[in-house]
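# Survey of secondary and tertiary structure
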Amino acid sequence: MRDEHARAYWKANVRILIVLMSIWFFISFVCGILLADFLDNFRFAGFKLGFWIAQQGSIYVFVVIILVYLVCMDRLDARYTRDKKQATDKQQPEDPA
């Protein structure tokens, strides 16, 4: 049971990491490098959008990704700690007092 619990926890953790790292890759590499010329056709706060994302916007997105990761991991830890406690309580016989 312990191995299944740890495996499920790790699988959920990796799923969160894959989603957040995909967002990171899209913003930093795709928007900041590959699509920069196309995005420069648009303006944001008076700057060309491709330039703004490469210089400033990606930093904001990275900070948001860190905060989202913290919240997701707190929820995941709480869920699996609760599930682990419930599984442990079910395995231990109650004391007839």
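Computed from a predicted structure; not experimentally measured.

Turning next to the side chain of asparagine 13. Counting through the fold element by element, asparagine 13 comes out in helix α1 (residues 2-34). Overall, asparagine 13 belongs to the buried group, its relative accessible area being 7%. In contact with asparagine 13, other than residues within four places in its own chain, are Tyr69, Met73 and Leu76.

Turning next to α1. Its 33 residues place the ends of α1 45 Å apart at the C-alpha level, agreeing with the 48 Å of an ideal helix rising 1.5 Å per residue. The principal kink in α1, of about 30°, is found at phenylalanine 26. Taken together, the buried positions of α1 are Ala12, Asn13, Ile16, Leu20, Ile27, Val30, Cys31 and Gly32.

Our next topic: the environment of glycine 57. Tracing the backbone shows glycine 57 in helix α3 (residues 49-91). Exposure remark for glycine 57: the relative accessible area of 5% places this residue in the buried category. Separated by 25 residues in sequence, glycine 57 and glycine 32 have C-alpha atoms that sit 9.1 Å apart.

Cut-offs and rules
- Residues numbered from 1 in each chain as written.
- Predicted model: local features only at pLDDT ≥ 70, side-chain atom pairs only at ≥ 80, totals over all residues.
- Heavy atoms only, no water.
- Helix = DSSP H or I, 4+ residues; strand = E, 2+ residues; numbered from the N terminus.
- Buried < 20%, exposed > 50% of the residue type's maximum accessible area, 1.4 Å probe, protein only.
- Contact = heavy atoms within 4.5 Å.
- Expected span 1.5 Å × (residues − 1).
- Bend = angle between axes of the 7 residues up to and from the residue.

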